Amino acid sequence: MHATLVEPFAVPFMARALTELLLLAGLAGVVSTHVLTRRLGFVADAMTHTVFPGIVLGFLTAGVDGVLPGALAAAAVTAVLLTLLTRSRRVTDDTALAVLLAAMFAVGVVLVSRRASYTADLTSFLFGRLLTVTTGQIAQTAVVAGLVLITLALLHKELLLRAFDPQAAAAMGYRIWLLDLVLNLAVALVVVAAAQSVGTILVIALLVVPAATGRLISDRIAPITLAGVAVAALSGYLGLAISYRASVSHGLRLAGGATVVLTLVAVYLLTLLAGGLARAVQSRRTSDAVA
Amino acid sequence: MADPAATPPVVEALHIDHAAIAYDAEPVLTGVTGRVHAGEVVALIGPNGAGKSTLIKAVLGLVPVVGGTVTVLGRTPAAARRDVAYVPQADILDPQFPVSVAQVVLMGRYREVGWLRRPGRDDRRIAAEALAQVGLAERARATFGTLSGGQRQRVLLARAIAQRPRLLLLDEPFNGVDLVSQDALLGALRGLKRQGTAVLISTHDLALAQHVSDHACLLNRRMFGFGPTGATLTPDLLRATYGNQALELHGDQIVVAHH
């Protein structure tokens, strides 16, 4: 057990990967609760597609240092566009959005394809490089996580009201579009923060699964958020340990980010199963008591 | 300058003067004129799509008034929002939303609490009292979505009461509500009326409108009548408002048959 769960993290690159994942778990656990209550799964998915060309452009113009600014710019543009599009009641056309997302994604791929190291670059942009995370990237993630978490904490009650009853929120004089913009930016920043380690594709799992798991065990915001953070952190830790053990002891190369996501989904499914079993046992007892 | 607190000016809660209301170029509702004073209950009567909800949204400043004026407590609708509370129909809200009854009622205090701050002990007390006024104090810890439709409607009224409004707007509050909850809603509304709150209720239940309101306002794309309920809900005016929809008169009861 010790060899699998503790030893791997004595290696510096594994310790850095774990630190990055724990930071992301704290960030994504909280943001995923908002994604759940606001039903922003689609917006989150949109972000993953539109941040990608920003990362590529940033990398092409300024190398590794350009990735974060590029991603930030793309995320900001997307957050504003999505806020505007979802604000207008007339845009109910999912097709237009889908076309926009596909086009943005294709732009990213076309830009990467002009490089000699096409395949390797594409893979790292899409799926991240968890095991080569640097101290500088960890610091960036920490700053982003701090900013987003403080903002969401300060606006907690307003965001709750807007998610629960937008009509009443508007009637009370809250500017719905402003609250939406803040939350869209928060989601975008999670995608940006996770892009280099987990990749732009797999981050959607971090934005949806933690709170979805929390929702299975509670119907209050605070426990859902706490459970989401815990589940994300646990999955990050276990996923890393598993991929390390598999590659060192069994010569089986498992991509770190993908293993973490699979662990996260496995925890969700197990919770779902456990909940179903608990309900079955309970209804069995109830029917026994009646009989 | 005279101290404004010494001689409070008599301000109408709501003053609508030849108002036309439109989302886009084409007005949804025209020719609305009427006043609501403190402690008065006014029923907005009309068929579905008549513009009742639109009028309520205009009073909230959420839909543009393109002609005439809508004045709320002597101010523009947008400037008066802090003194106005709105009760939406409970069934538009997601019953899966992870929130407790107490948390929903506490939302009525958010505006007063202000940005960046958390509700305090006083806010919780005011919310608890509001919940008691609708007879649901013992359900405070329940999940909002587990309540019946009528109980959810009462919780939303409690949230509005917690706002301590001078003008209260309710959108079809009696739709699909059981008798127990209907009585609780009516009781709470009587309490608000006694405290001097002006109340505007949209409904297509004519019997309830006669029971609950002092004045009635007949709407169907334009205003067909406004005045004391008994003198306004007359067969002639109702027939004019509802047009082809059949009206049946049973003694002093009027039933609108929907098609």
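Placed above this text is the structure.
Undergrad: Help me understand the overall build of chain B, please; the structure alone is not making it clear to me.
TA: Assigned secondary structure in chain B consists of nine helices and 11 strands. Looking at chain B as a whole, 47% of its 259 residues are labelled buried. Residue pairs at least 24 apart in sequence account for 65% of intrachain contacts in chain B once pairs closer than 6 positions are excluded.

Undergrad: It is not clear to me how the overall build of chain A should be interpreted in this structure. Could you clarify?
TA: On a plain count of helices and strands, chain A comes out with 13 helices and zero strands. Expressed along its principal axes, the backbone C-alpha trace of chain A runs to roughly 75 × 55 × 35 Å. Looking at chain A as a whole, 45% of its 291 residues are labelled buried. For chain A, contacts bridging at least 24 residues in sequence account for 73% of all contacts bridging at least 6.

Undergrad: For this particular structure, what's the right way to read the sheet that holds strand β6 (residues 167-171) of chain B?
TA: The strands making up a sheet are joined through hydrogen bonds of the backbone, oriented either antiparallel or parallel. Residue and element names in this part refer to chain B. Read across the open sheet, the six strands follow the order β5-β6-β7-β3-β8-β9; overall the sheet is mixed. Across the chains shown, the open sheet's two edge strands, defined by having one partner strand only, are β5 (84-87) and β9 (223-228). Averaged over all pairs of adjacent strands, the angle between their axes in this sheet comes to 15°, without regard to strand direction. Pairing between β5 and β6: four bridges, direction parallel. The residue of β6 that forms the bridge with tyrosine 86 is leucine 169. Sheet contacts for helix α5 (residues 149-162): β5 and β6; angle to β5, the most-contacted strand, approximately 175°.

Undergrad: Any chance you could explain unusual backbone geometry here in plain terms?
TA: Residues apart from glycine generally show negative phi values, whereas peptide bonds are mostly found in trans. Residue and element names in this part refer to chain B. The backbone of leucine 116 sits at a positive phi, close to 70°, despite the residue not being glycine. Relative to the helices and strands, leucine 116 is located in the loop between α3 (110-113) and α4 (121-133). Backbone geometry at arginine 221 places phi at a positive 70°, although glycine is not the residue there. By the secondary structure assignment, arginine 221 is in the loop between β8 (215-219) and β9.

Undergrad: How do you make sense of the sheet that holds strand β4 (residues 65-72) of chain B when you look at a structure like this?
TA: Residue and element names in this part refer to chain B. Pairing within the open sheet is antiparallel, and its three strands lie in the order β2-β1-β4. The strands lining the two open edges of the sheet, one partner per strand, are β2 (27-36) and β4. Put simply, the sheet's adjacent strands are angled 15° from each other on average, direction ignored. Where strand β1 (residues 14-22) lies against β4, six bridges are found, and the strand directions are antiparallel. The partner of isoleucine 16 across the bridge, within β4, is valine 70. Each of β1, β2 and β4 is contacted by helix α1 (residues 52-59), which is oriented at about 115° to β1, the strand it contacts most.

Undergrad: Any chance you could explain the interface of chain B and chain A here in plain terms?
TA: Accessible area lost on assembly of the parts is the figure often given for the size of an interface. On the chain A side, the residues contacting the 15 residues of chain B number 18 residues. Taken together, the residues of the side of chain B that touches chain A sort by class into 11 nonpolar, two polar and two charged.

Undergrad: I'm lost on α4 of chain B in this one. Help?
TA: In an α-helix, one turn spans 3.6 residues, which is why side chains three or four residues apart end up on the same side. Compared with the 18 Å implied by 1.5 Å per residue over 13 residues, the 19 Å span of α4 of chain B between its first and last C-alpha is a close match. Directly after α4 of chain B, the chain includes glycine 135 of chain B, whose backbone phi takes a positive value near 75°.

Undergrad: Help me understand the packing of helix α2 (residues 12-37) of chain A against helix α11 (residues 203-217) of chain A, please; the structure alone is not making it clear to me.
TA: The relative placement of two packed helices is expressed as an angle between their axes plus a distance between the axes. All names here are of chain A. Between α2 and α11, the least distance of the axes is 7 Å, while the angle of their chain directions is 70°. The angle between the axes of α2 and α11 places the two elements in the roughly perpendicular class. Here Leu24, Ala28, Gly29, Val31, Ser32, Thr33, Val35 and Leu36 of α2 lie close against α11, whose contacting residues are Leu206, Leu207, Val208, Pro210, Ala211, Ala212 and Arg215. Taken together, the residues of the contact of α2 with α11 sort by class into 11 nonpolar, three polar and one charged.

Undergrad: When you look at α11 of chain A in this model, what are you seeing that I'm missing?
TA: At valine 209 of chain A, α11 of chain A shows its maximal bend, which comes to roughly 25°, and the proline proline 210 of chain A appears one to four places after that position. The element α11 of chain A is largely enclosed, with a buried count of 13 among its 15 residues.

Undergrad: Is there a simple way to think about the environment of glutamine 140 of chain A in this case?
TA: Residues and elements named next belong to chain A. Along the chain, glutamine 140 falls in helix α7 (residues 135-154). With 18 C-beta atoms packed within 10 Å, glutamine 140 lands in the partly exposed category. Placed 120 residues apart in sequence, glutamine 140 and glutamate 20 show a C-alpha to C-alpha distance of 9.8 Å.

Undergrad: What is the right way to look at the packing of α2 of chain A against helix α12 (residues 221-250) of chain A in this model?
TA: Residues and elements named next belong to chain A. Packing of α2 against α12 leaves a shortest axis separation of 8 Å and a crossing angle of 155°. In terms of orientation, α2 and α12 fall into the roughly antiparallel class. Crossing hand, α2 versus α12: right-handed. Across from Met14, Ala17, Leu18, Leu21, Leu22, Ala25, Gly26, Ala28, Gly29, Val30, Ser32 and Thr33 in α2, the residues of α12 making contact are Ile221, Ile224, Thr225, Gly228, Val229, Ala232, Ala233, Gly236, Tyr237, Leu240 and Tyr244. Taken together, the residues that form the contact of α2 with α12 break down as 16 nonpolar, seven polar and no charged.

Undergrad: Sorry, what's going on with the nonpolar core here?
TA: Residues and elements named next belong to chain A. Counting 168 residues, the largest nonpolar core has Val187 and Val190 as its most contacted members. When residues in this core are grouped by element, the largest group, 13 residues, is from helix α10 (residues 176-195). Not counting chain neighbours up to four residues away, the residues in contact with valine 190 comprise Leu27, Ala28, Val31, Val203, Leu206 and Leu207.

Definitions and limits used
- Residues numbered from 1 in each chain as written.
- Chains lettered and ligands numbered in written order.
- Predicted model: local features only at pLDDT ≥ 70, side-chain atom pairs only at ≥ 80, totals over all residues.
- Helix = DSSP H or I, 4+ residues; strand = E, 2+ residues; numbered from the N terminus.
- Buried ≥ 20, exposed ≤ 12 C-beta atoms within 10 Å, placed from the backbone.
- Contact = placed C-beta atoms within 7 Å.
- Pairing = 2+ DSSP bridges.
- Axes fitted to C-alpha atoms, helices over the stretch in contact; angles between N-to-C directions.
- Nonpolar A, V, L, I, M, F, W, Y, C, P; charged D, E, K, R; others polar.
- Expected span 1.5 Å × (residues − 1).
- Parallel < 35°, antiparallel > 145°, perpendicular 65-115°, else oblique.
- Bend = angle between axes of the 7 residues up to and from the residue.
- Left-handed = near helix turned anticlockwise from the far one by under 90°.
- Core = buried A, V, L, I, M, F, W, Y, C linked by C-beta atoms within 7 Å.

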